[in-house]
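Each chain is listed here by its residues.
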Amino acid sequence: ATPDGKTLPLQWAAADAGFGPFLKEWKKLGAAVPLAAGGSRWFHLAHGGSPAVPERSAVAESLAAMGERARLVIVDDRADTWGHDVHRWDQVLGTAEITRQAVPEDGPVFRRQRRWLTWGRSSVILDIVEWHALDAVELVLHIHWQDRRQMLKLDLPLFIKEPELQVRT
């Protein structure tokens, strides 16, 4: 809860490191909090009824649909380290195959859809995270690439009118 009494939803999620001391499972607690750049806010843990979950906007629905259409395309890569004399990588060999799907987290703050994909000797885990309070969808990729002379390309169809791309590392 904020100092003025407004409550915000919280959601338990799997931690980045799966196990802590004494092999106990760790979790992390998440919330979508409005915060100015360089600012800070104080909160306290409020017990009681659940706060209202924000409704999905049309932008969030478009972004979620875009994330669900994301494909991993494999292209031939015969270039040297620096890509000399290569102007494009456009010889498509195929797309990674989805072998399994699940929704490991679905709560009041975000929804995580997970896909396991394979190609040749390589594997990819793709998480599509829909943040309910934001007009944002996060794509998280864990790539174990083992195929030589092949490149992985993210094909992300953008069917939105004024796209804005923010890249985090």
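Please refer to the structure placed before this passage.
These figures come from a predicted structure and were not determined experimentally.

1. Brief notes about the overall build of the protein chain
Secondary structure summary: the protein chain contains 1 helix and 9 strands in total. Listed N to C, the secondary structure of the protein chain is β-β-α-β-β-β-β-β-β-β in terms of helices and strands. A burial count over the protein chain gives 24% of its 169 residues as buried. Partitioning the contacts of the protein chain with sequence separation of at least 6, the portion at a separation of at least 24 is 45%. Here the protein chain has roughly 12500 Å² of accessible surface; of this, 53% comes from carbon and sulfur atoms.

2. Topic: the nonpolar core
Core analysis: the largest hydrophobic core is formed by 7 residues, namely L72, I74, A96, L117, V124, L126 and I128. Listing elements by their share of this core, those giving two or more residues are β3 (71-76) and β7 (122-131). When near neighbours in sequence (up to four residues on either side) are disregarded, I128 contacts G67, E68, R111, R112, Q113, R115, V137, E138 and L139.

3. Describing the pairing of strand β8 (residues 136-144)
Side-chain positions along a regular strand alternate between the two faces of the sheet. Here 9 bridges tie β7 to β8, and the two strands are oriented antiparallel to one another. Of the residues in β8, the one forming a bridge with E130 is V137. Following β7, the chain reverses through 4 residues before pairing antiparallel with β8.

4. Description of empty space enclosed by the protein
The final tally for this structure, using the stated rule, is 2 cavities of 30 Å³ or more. Every residue lining the second largest cavity is listed: I74, A96, L117, T118, W119, S122, S123, V124, W145 and L152. Secondary-structure elements contributing two or more residues to the lining of the second largest cavity are β6 (110-119) and β7. For the lining of the second largest cavity, the per-class residue count stands at 7 nonpolar, 3 polar and no charged.

5. Quick look at the sheet that holds strand β5 (residues 97-106)
Across the sheet, which stays open at both edges, the 4 strands sit in the order β5-β6-β7-β8 with antiparallel pairing between neighbours. Strand pairing shows two members of the sheet lacking a second neighbour, β5 and β8, which therefore form its edges. Neighbour to neighbour, the strand axes of the sheet diverge by 15° on average, direction disregarded. In this structure, β6 lies alongside β7, joined through 10 bridges in antiparallel fashion. In the strand pairing of β7, R115 is matched with L126.

6. Observations concerning unusual backbone geometry
The phi dihedral of D85 falls on the positive side, at around 60°, and the residue is not glycine. Counting through the fold element by element, D85 comes out in the loop between β3 and β4 (92-95). Of note in this structure, R149 is not a glycine but carries a positive phi near 60°. The residue R149 is located in the loop between β8 and β9 (150-155) in this model.

7. Observations concerning the environment of I143
With respect to the helices and strands, the residue I143 is situated in strand β8. The class of I143 is partly exposed, set by a relative accessible area of 46%. The sequence separation of I143 and L126 amounts to 17 residues, and the corresponding C-alpha distance is 8.5 Å. With sequence-adjacent residues up to four places away left out, I143 is seen in contact with S123, V124 and L152.

8. Some remarks on the pattern of salt bridges
Within the structure shown, the criterion is met by 8 salt bridges. Between R112 and E105 there is a salt bridge, with its nearest N and O atoms 2.6 Å apart. The buried category is assigned to R112, whose relative accessible area is 14%. In this structure, D127 engages R112 in a salt bridge whose closest nitrogen and oxygen atoms are separated by 2.9 Å. Linking D127 in strand β7 with R112 in strand β6, this pair joins segments that are 15 residues apart in sequence. Beyond isolated ion pairs, a larger network of salt bridges with shared partners links E105, R112, R114 and D127.

Quick notes on the rules
Residues numbered from 1 in each chain as written. Predicted model: local features only at pLDDT ≥ 70, side-chain atom pairs only at ≥ 80, totals over all residues. Heavy atoms only, no water. Helix = DSSP H or I, 4+ residues; strand = E, 2+ residues; numbered from the N terminus. Buried < 20%, exposed > 50% of the residue type's maximum accessible area, 1.4 Å probe, protein only. Contact = heavy atoms within 4.5 Å. Areas by Shrake-Rupley, 256 points an atom, 1.4 Å probe, with all protein chains shown as cover. Core = buried A, V, L, I, M, F, W, Y, C linked by side-chain atoms within 4.5 Å. Pairing = 2+ DSSP bridges. 1 Å grid on protein atoms, 1.4 Å probe; cavity = no way out; pocket = protein on both sides within 12 Å on 5 of 7 lines; lining within 4 Å. Points joined across faces, edges and corners; volume = space filled by probe spheres on them. Nonpolar A, V, L, I, M, F, W, Y, C, P; charged D, E, K, R; others polar. Axes fitted to C-alpha atoms, helices over the stretch in contact; angles between N-to-C directions. Salt bridge = Lys/Arg side-chain N within 4 Å of Asp/Glu carboxyl O.

None of this, on its own, says anything about what the molecule does.
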